[in-house]
Amino acid sequence: MNSPTNDDSSFEDPYLKKSFVLMIEEKYRQWDVVAKSGYGYIALSHDALFRMAFGSTNRWKDAYCRSYLYDVWLTPIKTALSLKNVPEEELLDYQTERSLDKLFLLSKSEFCDWRANIPNKTLPYWLRSPYGNLHIPYNWVVDVSGHLMGDVVHNPSNGIVPAIYLSKKAIKILLF
């Protein structure tokens with residue numbers, strides 16, 4: 001599993017809290033580097049790309065927004081990366097629960113671990129973690145001030161802030 005780690009060393013990573021821009025669907029989209037792992041970095045969309053309900057349940061594997069990310073956003077993101085000379089294999093698979101994803105939402109624990117590196121957004125946005133148990137249709141949401149709250153998964157007014165896991169080589173290309 002390529003899981004990110006928190007580095008407790010005393011030096012500042014030169015890539016964390018940096019941003020890069022990708023042209024996606026004729027719009028410049030900023031991405032913020034929010035975490036480091038042994039293999040690469042997690043980049044989070046600076047803004048919500050769209051609003052939608054999380055899904056009909058609070059399970060990430062069944063989420064509408066997960067399918068939408070794959071069906072609508074994966075190809076434009078891969079195209080934008082290739083225009084910046086980032087080979088497709090530099091977009092790494094990220095372990096989310098029992099699946100591997102190219103695009104994903106942060107979990108509650110990831111958000112809490114990396115909060116210091118995540119800028120506030122202009123609208124509330126979904127996290128992939130259930131709020132409560134799987135039988136209650138609520139998920140965690142981050143509000144505009146960066147606080148956590150729960151919301152019903154059917155609410156279409158929360159944003160989707162996708163994350164991607166990129167190799168160190170890809171981050172070097174994108175930042176310089």
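Before reading on, note that the structure itself is shown above.
Quantities reported herein were computed from a predicted structural model and do not represent experimental measurements.

Engineer: Quick question: what am I supposed to make of the overall build of the chain here?
Structural biologist: In terms of helices and strands, the chain carries 3 helices and 13 strands. Taken over the C-alpha trace, the chain has a radius of gyration of 15 Å; the compact-globule value for 176 residues is 16 Å, and the two agree within 12%. Summarising its shape, the C-alpha atoms of the chain cover approximately 45 × 40 × 30 Å along the three principal directions. In the chain, which comprises 176 residues, the proportion classed as buried is 49%. Within the chain, contacts between residues at least 6 apart in sequence are counted, and of these 62% link residues at least 24 apart.

Engineer: Please clarify how a nonpolar patch on the surface should be interpreted in this entry.
Structural biologist: Residues V21, M23 and Y28 make up a contiguous nonpolar surface patch of about 310 Å² in total accessible area. Take M23: it is sitting in strand β1 (residues 19-24).

Engineer: Got a minute to help me understand the pairing of strand β13 (residues 163-167) in this structure?
Structural biologist: Regular strands place their side chains on alternate faces of the sheet. In terms of burial, β13 is largely enclosed, as 5 of its 5 residues are buried. Alternating residues of β13 divide into A163, Y165 and S167 and I164 and L166, and every residue in both groups is buried. Relative to β13, strand β3 (residues 40-45) is paired through 5 bridges, and the arrangement is antiparallel. Counterpart to I42 in the pairing with β13 is Y165. Pairing analysis gives 2 bridges linking strand β5 (residues 91-92) to β13, with the strands arranged antiparallel. Following the sheet pairing, L91 is matched in β13 by L166. The pairing of strand β8 (residues 103-104) with β13 spans 2 bridges and is antiparallel. Its bridge partner being in β13, F104 is matched across the sheet by A163.

Engineer: Can you help me understand the nonpolar core in this one?
Structural biologist: One broad rule of soluble globular proteins: the nonpolar side chains tend to lie buried together. Judged by nonpolar contacts, the single largest core of 56 residues is most densely connected at F20, I42, L106 and L166. At 7 residues, helix α1 (residues 64-83) tops the list of elements feeding residues into this core. Once residues within four sequence positions are removed from consideration, F20 is found in contact with R29, Q30, W31, V33, A43, L166, I171, L174 and L175.

Engineer: What am I meant to see in the packing of aromatic side chains here?
Structural biologist: Working definition: an aromatic ring pair is given by the centre-to-centre distance plus the angle between the planes. On inspection of all chains with the given rule, the structure shows 10 aromatic pairs. Ring geometry for Y15 against Y41: centres 5.5 Å apart, planes inclined by 80°, an arrangement best described as edge-to-face. Taken together, the positions of Y15 in the segment before β1 and Y41 in strand β3 put the pair 26 residues apart, joining distant regions of the chain. Y41 carries the same exposure label as Y15, and that label is buried. When the centroid spacing of 4.1 Å and the interplanar angle of 10° are considered together, the rings of Y94 and F104 count as stacked. Here F104 lies in strand β8 and Y94 lies in strand β6 (residues 94-96), a separation of 10 residues in the sequence. An aromatic cluster is present here, built from Y15, Y41 and F176 joined pairwise through their rings.

Thresholds applied
- Residues numbered from 1 in each chain as written.
- Predicted model: local features only at pLDDT ≥ 70, side-chain atom pairs only at ≥ 80, totals over all residues.
- Heavy atoms only, no water.
- Helix = DSSP H or I, 4+ residues; strand = E, 2+ residues; numbered from the N terminus.
- Rg over C-alpha atoms; globule rule 2.2 N^0.38 Å.
- Buried < 20%, exposed > 50% of the residue type's maximum accessible area, 1.4 Å probe, protein only.
- Contact = heavy atoms within 4.5 Å.
- Patch = residues over 30% accessible without salt bridge, like charges linked within 9 Å, V, L, I, M, F, W, Y side chains within 5 Å.
- Areas by Shrake-Rupley, 256 points an atom, 1.4 Å probe, with all protein chains shown as cover.
- Salt bridge = Lys/Arg side-chain N within 4 Å of Asp/Glu carboxyl O.
- Pairing = 2+ DSSP bridges.
- Core = buried A, V, L, I, M, F, W, Y, C linked by side-chain atoms within 4.5 Å.
- Phe/Tyr/Trp six-rings, centres within 6.5 Å; stacked < 30°, edge-to-face > 60°.

These values are about where atoms sit, not about what they do.
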